[in-house]
Amino acid sequence: MKSFSLILCLLAVCSLAFPAAERPNVILVFIDDMGWEDFSCFGNQDVQTENIDRLAAEGLRFERFYVNSPICSPSRVAVSTGQFPARWGITSYLAHRELNDERGMAQWLDPKAPMLARFLQEAGYATGHFGKWHMGGQRDVHDAPLITEYGFDESLTNFEGLGPKVLAWCYTPEDAQPPRKHFGEAEDLPGPTTWIDRSEVTEAFVSAALPFIEKAKEEGKPFYINLWPDDVHGPHYPPLDRWGDGSPRARYLGVLKTMDEQLGVLFDAIRDDEELRENTLILMCSDNGPHMGAGSAGPYRGYKTHLYEGGIRSPLVVWGPGFVPEKKVGSVNTKSIFSAVDLVASVLEFTGVDVLDGVELDGEALAGTMLGKSNESRKAPLFFRRPPDRDAYYGVAELPDLSIIEGKWKLLTEFDGSDSELYNLEEDKSETNDLAAQNPELVERLTKELLAWDRALPQDNGATYLEKKKAPKKAIKKAPGKAAKK
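Note that the coordinates shown come from a computational prediction; the quantities given were computed from them, not determined experimentally.

A. Region of interest: the nonpolar core. Within the largest apolar cluster, 51 residues are counted, with the highest numbers of intra-cluster contacts made by F223 and L227. Among the elements that make up this core, the one with the highest residue count is helix α7 (residues 248-271) (11 residues). Judged by nonpolar contacts, the second largest core, of 48 residues, contains V77, L116, W133 and L316.

B. Quick peek at the sheet that holds strand β13 (residues 382-385). Taken together, 4 strands build an open sheet; the order of strands is β13-β14-β15-β16 and the sheet is antiparallel. Every other strand in the sheet has two partners, leaving β13 and β16 (421-424) as the edge strands with one partner each. Taken pair by pair, the neighbouring strands of this sheet meet at an average axis angle of 15°, ignoring direction. Here strand β15 (residues 409-413) pairs with β16 via 4 bridges, running antiparallel. Counted as the bridge partner of K410 is Y423 from β16. Together, β13, β14 (402-406), β15 and β16 form the strand contacts of helix α12 (residues 440-455), whose direction differs from that of β14 by roughly 120°.

C. Region of the structure containing unusual backbone geometry. With an omega of 0°, the peptide bond between G234 and P235 qualifies as cis. Looking at the element boundaries, P235 is found in the loop between β8 (223-228) and α7. The phi torsion at F183 lies on the positive side, around 55°, for a residue other than glycine. Mapped onto the elements of the fold, F183 is located in the loop between β6 (180-182) and β7 (193-197). F183 gets classed as partly exposed once you look at its relative accessible area, which sits at 25%. A positive phi is found at E431, a non-glycine position, where the angle reads about 55°. Structurally, E431 can be placed in the loop between β16 and α12.

D. Summary view of the confidence of the model for the protein. When pLDDT is averaged across the protein, the result is 91; 92% of the residues are at 70 or more. Confidence over residues 1-21 falls short of pLDDT 50; this stretch has 49 contacts with residues more than four positions distant or in other chains. Contacts of residues 471-486 to residues separated by more than four positions or lying in other chains number 38 contacts, the stretch itself having pLDDT below 50.

E. Just the packing of helix α2 (residues 50-58) against α7, in detail. Packing of α2 against α7 brings their axes to within 7 Å, and their N-to-C directions diverge by 45°. Classified by the angle between their axes, α2 and α7 sit oblique to one another. Here E50, N51, I52, R54, L55 and E58 of α2 lie close against α7, whose contacting residues are K257, M259, D260, E261, G264, F267, D268 and R271.

F. A look at helix α6 (residues 201-218). Between its terminal C-alpha atoms α6 stretches 27 Å, which fits the 26 Å expected from 18 residues at 1.5 Å a residue. Once α6 ends, the next one or two residues include G220, with phi positive near 70°.

G. Inspection of the layout of surface pockets at higher detail. In this model, the largest pocket occupies a volume close to 330 Å³. Looking at the largest pocket, it is lined by 25 residues, and the ones nearest its centre are D33, R139, H233, G234 and K304.

H. Spotlight on the side chain of R386. Note that R386 resides in the loop between β13 and β14. A distance of 3.2 Å separates a polar atom in the side chain of R386 from the backbone oxygen of P388. Looking at R386, its side chain comes within polar contact range of the side chain of D401, at 2.6 Å. Setting aside chain neighbours within four positions, we find R386 in contact with T91, L307, D391, L399, P400, D401, F415, G462 and A463.

I. Inspection of the sheet that holds β6 at higher detail. Taking strand neighbours across the sheet as the criterion, the 3 strands line up as β6-β5-β7 in an open arrangement whose pairing is mixed. Since the sheet does not close on itself, it has two edges, and those belong to β6 and β7, each with one partner. Mean inter-strand twist for the sheet, computed between neighbouring axes without regard to direction, equals 35°. As judged from the 5 bridges shared by strand β5 (residues 165-170) and β7, these two strands associate in the parallel manner. From the neighbouring strand, L167 faces β7, where its bridge partner is W195. α6 rests against β5 and β7 of the sheet, and its axis sits at about 155° to β5.

J. Looking closely at empty space enclosed by the protein. One pass over the full model with this rule turns up 6 cavities of 30 Å³ or more. Space inside the largest cavity adds up to approximately 80 Å³. As for the largest cavity, its lining consists of N68, S69, P74, F84, P85, A86, I90, T91, F383, F384, R385 and W453. Element by element, the count of residues in the lining of the largest cavity is highest for β13, at 3 residues.

K. Broad picture of the pattern of salt bridges. Here the structure, examined in full by the defined rule, presents 34 salt bridges. Note that E261 and R242 form a salt bridge whose closest N and O atoms lie 2.6 Å from each other. With a gap of 19 residues between them, E261 in helix α7 and R242 in the loop between β8 and α7 connect regions that are remote in the sequence. A relative accessible area of 36% means that E261 is categorised as partly exposed. The exposure class of R242 is partly exposed, given its relative accessible area of 25%. R445 is paired through a salt bridge with E449; the nearest N and O atoms lie 3.8 Å apart. With R445 and E449 both in helix α12 and 4 residues apart, the pair spans about one turn of that helix. Put simply, D32, R76, K132, R139, E160 and D287 are held in one network by salt bridges that share partners.

L. Inspection of the pairing of β15 at higher detail. Of all the 5 residues making up β15, 5 are buried; the element is thus mostly covered by neighbouring parts of the structure. Residues W409, L411 and T413 line one face of β15 and the alternating positions K410 and L412 line the opposite face, and both faces are buried. As paired elements, β14 and β15 share 5 bridges and run antiparallel to each other. Across the sheet, residue I404 finds its bridge partner in β15, namely L411. The loop that links β14 with its antiparallel partner β15 comprises 2 residues; one of these, G407, has a positive phi angle of about 60°.

What counts as what
Residues numbered from 1 in each chain as written. Predicted model: local features only at pLDDT ≥ 70, side-chain atom pairs only at ≥ 80, totals over all residues. Heavy atoms only, no water. Core = buried A, V, L, I, M, F, W, Y, C linked by side-chain atoms within 4.5 Å. Buried < 20%, exposed > 50% of the residue type's maximum accessible area, 1.4 Å probe, protein only. Helix = DSSP H or I, 4+ residues; strand = E, 2+ residues; numbered from the N terminus. Pairing = 2+ DSSP bridges. Axes fitted to C-alpha atoms, helices over the stretch in contact; angles between N-to-C directions. Contact = heavy atoms within 4.5 Å. pLDDT = per-residue confidence, 0-100. Parallel < 35°, antiparallel > 145°, perpendicular 65-115°, else oblique. Expected span 1.5 Å × (residues − 1). 1 Å grid on protein atoms, 1.4 Å probe; cavity = no way out; pocket = protein on both sides within 12 Å on 5 of 7 lines; lining within 4 Å. Points joined across faces, edges and corners; volume = space filled by probe spheres on them. Polar contact = N/O pair within 3.5 Å; in protein donor to acceptor, adjacent residues only side chain to side chain. Salt bridge = Lys/Arg side-chain N within 4 Å of Asp/Glu carboxyl O.

Spelled out as structure tokens, the structure:
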């Protein structure tokens with residue numbers, strides 16, 4: 001079942017003869033719930049992500065790039081605003097109205113938040129969002145702002161945003177079993193709806209992005225595009241011929257392979273157009289770590305929702321033949337430490353667009369690092385707060401509440417500064433050797449700095465949420481396959 005014709009769109013884009021806009025184009029591919037090791041160019045040996053690997057071979061890879069939350073909604077807020085998501089009251093996934101209130105969270109991202117898309121739109125960019133949104137307008141939250149109220153000219157999303165959307169039928173190999181609707185209640189959310197096969201959702205987003213690019217070229221405008229696939233997030237429904245043995249891992253790999261092929265159509269459209277190829281930058285990473293049993297964080301401890309490296313370290317691929325120095329093409333940066341909030345400041349620096357007066361970003365402008373012209377790291381530490389509803393998850397009885405990364409050092413602690421853990425990430429990237437007892441002065445300094453950061457931000461109900469819900473905590477000494485926390 002093919003609801004969108006990629007071939008026609010591809011031909012349309014590749015046949016354009018209009019001059020490229022003076023300012024560079026930017027595409028941000030933000031993949032949902034994908035582990036650090038899931039691109040084969042980052043070590044996945046179970047499936048080949050050939051199109052993404054080609055981008056990496058023609059561009060750059062970064063191994064010490066972080067997102068600013070281990071869960072979807074706040075991670076998306078960070079990469080959209082250039083600010084820590086707690087500033088906007090979004091510290092876990094946005095859900096039903098009652099659950100959002102219980103966790104002490106906003107119902108949606110305030111439209112007054114500084115948006116990368118709005119900065120670029122006001123500078124003359126055509127701006128489009130095609131993919132998962134999840135910053136407001138989901139479940140029973142019908143009155144959130146439309147995506148286009150955040151600085152986007154056009155949008156197409158799924159069940160976690162308002163405006164035009166594609167919703168998914170989920171098919172299984174059992175022919176007798178009728179397909180089911182995934183979040184069928186989203187049909188009642190504002191915006192027209194198209195139903196398609198779950199395995200074609202990324203294809204739909206790509207198919208919407210391609211004519212958007214064509215239109216921008218016709219109008220002589222540079223473009224900024226969010227292409228945010230959601231199919232690597234469960235439920236995993238690959239094409240039936242990629243179902244494998246039906247295990248979660250097999251289905252995940254089938255989805256990953258299919259997504260790579262569907263994204264490849266967009267990559268080829270850019271690469272095969274000389275003007276676009278020389279004036280477009282593609283950034284690609286994951287929004288947080290993997291779901292247990294599906295994706296893989298490789299050597300890193302933890303999963304989605306954890307403040308350990310597996311939850312917050314993301315693979316980053318940067319492609320831009322017109323901007324990356326030839327001697328750096330195909331290289332891997334293993335040293336530079338920066339994050340999603342820094343991408344916003346860096347893209348603004350790269351495009352020559354100024355931040356609006358009165359707006360202060362948490363991110364630092366590191367365009368030189370992003371383009372392979374420098375190995376500079378973020379100067380300020382990176383700070384993290386766990387989702388309020390994730391004090392216990394994936395078999396760990398009590399997860400750290402807060403974390404700070406400063407150079408080679410990483411500290412994790414509780415909201416009150418107790419039970420601190422300290423790791424030297426240069427020597428112990430898997431976070432197995434807790435050095436807190438050997439470095440009391442360092443622990444004291446980092447803890448003080450971390451608590452000050454946290455207390456200066458709006459608070460959620462993370463300290464009391466599980467107690468109020470009376471959720472049982474199973475005492476498990478070790479996270480599966482990893483070292484014990486305490």
